[in-house]
Amino acid sequence: EKIIVKDLAEKIGKSVSEVMGKLIALGVFATINQEIDFDTAEVICGDLGIFVEKEEVKEEVEFGLEQEEDKPEDLRPRPPVITVMGHVDHGKTSLLDAIRKTNVTAKEAGGITQHIGASEVEVHGNKIVFLDTPGHEAFTSMRARGAKVTDIAVLVVAADDGVMPQTKEAINHAKAANVPIIVAMNKIDKPNINPDRVKQELAENGVLIEEWGGDTICVPVSAKSGEGIENLLEMILLAAEMLELKANPKRLASGTVIEAKLDKGRGPVATVLVQNGTLKIGDSIVAGSSYGRVRAMMNDKGKAIKKAGPSTPVEILGLSDVPEAGDLFHAVREDKIARQIVEKRKLKVREENLNATARVTLEDLFKHIQEGNVKELNIIVKADVQGSVEAVKQSLMKLSNDEVKVKVIHGGVGTITESDIMLASASNAIIIGFNVRPSSTVESLAERENVDLRTYRIIYEAIEDIEAAMKGMLEPEY
Ligand code: GDP
């Protein structure tokens, strides 16, 4: 009986880094795609407060760990889920609006303004689901919580502006998450645009489009005139087809909370994305530390529905509390199970907070390397000038040896932001800043997320620290 680390994290509603942290604490060093045995999984769950007593182990096991793998014959194609990312003012919001507009049928045209956090569009009878919150911040903070909801990232780049700092961030965030990118070259209605220059800049940032021998689709669009939008949607479907996205509509539902709020009249309201199984009215569910029975469901058009299959975003009523965006949810067979799981999760929350998640830090790096368990050291570099970013990147990459590959997953000019912390948290990376200081909000977020964040004034001191850490000779910090 074995389970892949990533799947375990998903099933128990914990982030991969939390699970890996607990594994490391146990002396088990597995990558996220590696299998661990059931006994180990059980211990980890115990550590994470999923089970308290042996007896109850079974119950959570029933809905999670031991649930059988989907049989291939039960799998059906499911629609792709898309996040729109890109630099501010490049047209993310306008593009989402334009996409929704092309898709409004005459009879709906009257009244749909309802946004539930995600919307469905239909192209030649095929559905595509768009998450309504544009930007990579939402994307990465969900990923840091262990949720993976995006199948494809649409990268909006304004043809009159080209690759800008947040474009680069979006590229790095998508790459760190292994999510394929489709470029929407926006604002092509404008005069004086230079698409070739934009393509060149994309190439310089590791996004090589098809026309240039790469494998990234680039679609010219205008969110303003609507030109190219149909084509973009068709390209999304084409790309999705190659991913062969499948799910099993026959099992109990599971997925991710996209948005949640407390509504004065209706109580806790959550938009969830069903990712596997089918969610039905009356189902008992647990989502983070809330539970309840689905009392009513509404689709993105505001229509009441009775069931929702894979890749369907639905607003649900009936939860006991407001869950957090990024929380995973599971339907379970009985109310009782949902309640027990949540009670236990709540009990353990405090303990967990005290028991800070283990992460790769420079201090313990050597130990992990020696034990052969850290193969890649992910680093994020922020500096006051581009020259320093490049210099640090080059020097850091040269530190790679047979045991560890030093990988700069993101580098940029400017202060260290919350988005950097979330990327570090989601990718188990260390952050290095030069002549930039994080704000106190960012510092406390780093602390909460247990991200090792270090600032330097001199480049070689950073290089020295990392080199020393790799050799186990880092001076302790006082
Ligand atoms: P976001 O910050 O990326 O969400 O960008 P917005 O969607 O808010 O767009 C920023 C500005 O660019 C707005 O003034 C839009 O009207 C304008 N804009 C967006 N798309 C286009 C386009 O295709 N053509 C032109 N000419 N302007 C656009």
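Preceding this section is the structure that the text describes.
Calculation rules
- Residues numbered from 1 in each chain as written.
- Predicted model: local features only at pLDDT ≥ 70, side-chain atom pairs only at ≥ 80, totals over all residues.
- Heavy atoms only, no water.
- Pairing = 2+ DSSP bridges.
- Helix = DSSP H or I, 4+ residues; strand = E, 2+ residues; numbered from the N terminus.
- Axes fitted to C-alpha atoms, helices over the stretch in contact; angles between N-to-C directions.
- Near = heavy atom within 4 Å.
- Polar contact = N/O pair within 3.5 Å; in protein donor to acceptor, adjacent residues only side chain to side chain.
- Areas by Shrake-Rupley, 256 points an atom, 1.4 Å probe, with all protein chains shown as cover.
- Nonpolar A, V, L, I, M, F, W, Y, C, P; charged D, E, K, R; others polar.
- 1 Å grid on protein atoms, 1.4 Å probe; cavity = no way out; pocket = protein on both sides within 12 Å on 5 of 7 lines; lining within 4 Å.
- Points joined across faces, edges and corners; volume = space filled by probe spheres on them.
- Salt bridge = Lys/Arg side-chain N within 4 Å of Asp/Glu carboxyl O.
- Buried < 20%, exposed > 50% of the residue type's maximum accessible area, 1.4 Å probe, protein only.

As for the sheet that holds strand S20 (residues 376–383)
Line of reasoning, step 1. The strand order across the open sheet built from 4 strands is S21-S20-S22-S23, with neighbouring strands paired in parallel fashion. Strands at the two margins of the open sheet, each flanked by one partner only, are strand S21 (405–413) and strand S23 (453–456). The sheet shows a mean angle of 25° between the axes of neighbouring strands, direction not considered.
Line of reasoning, step 2. Bridging between strand S22 (residues 429–434) and S23 involves 4 bridges; their strand directions are parallel. Looking at the pairing, Phe-434 lines up with Tyr-456 of S23.

So, the site of the ligand
Line of reasoning, step 1. Near the ligand, the surroundings consist of 15 residues, among which Asp-89, Lys-92, Thr-93, Ser-94 and Asp-189 are the closest.
Line of reasoning, step 2. Here an oxygen atom of the ligand sits 2.8 Å away from a polar atom, N or O, in the main chain of Lys-92.
Line of reasoning, step 3. Contact distances for the ligand include 3.0 Å between an oxygen atom and a side-chain N or O atom of Lys-187.
Line of reasoning, step 4. Within the complex, the protein chains bury 71% of what would otherwise be the 570 Å² of accessible surface of the ligand.
Line of reasoning, step 5. If you tally residues by element for the shell around the ligand, the top one is helix H5 (residues 92–102), at 3 residues.
Line of reasoning, step 6. Class assignment for the residues of the shell around the ligand results in 2 nonpolar, 7 polar and 6 charged.

Regarding empty space enclosed by the protein
Line of reasoning, step 1. Scanning all chains against the criterion turns up 3 cavities of 30 Å³ or more.
Line of reasoning, step 2. The volume enclosed by the largest cavity comes to roughly 60 Å³.
Line of reasoning, step 3. Lining the largest cavity are Phe-139, Met-142, Arg-143, Ala-147, Lys-148, Val-149, Thr-150 and Val-179.

Some points on the pattern of salt bridges
Line of reasoning, step 1. Applying the stated criterion across every chain, the model contains 17 salt bridges.
Line of reasoning, step 2. Notably, a salt bridge pairs Lys-250 with Asp-74, separated by 3.3 Å at the nearest N-O pair. One end of the pair, Lys-250, is in the loop between strand S10 (246–247) and strand S11 (254–263); the other, Asp-74, is in the loop between helix H4 (54–63) and strand S3 (76–77), and 176 residues separate them in sequence.
Line of reasoning, step 3. Its relative accessible area of 64% is what places Lys-250 among the exposed residues.
Line of reasoning, step 4. Residue classification places Asp-74 among the buried positions, given a relative accessible area of 13%.
Line of reasoning, step 5. For Arg-100, the salt bridge is made with Asp-97, and the minimal N-O distance between the two is 2.8 Å. With Arg-100 and Asp-97 both in helix H5, this residue pair falls 3 residues apart, about one helical turn.
Line of reasoning, step 6. Asp-97 gets classed as partly exposed once you look at its relative accessible area, which sits at 34%.

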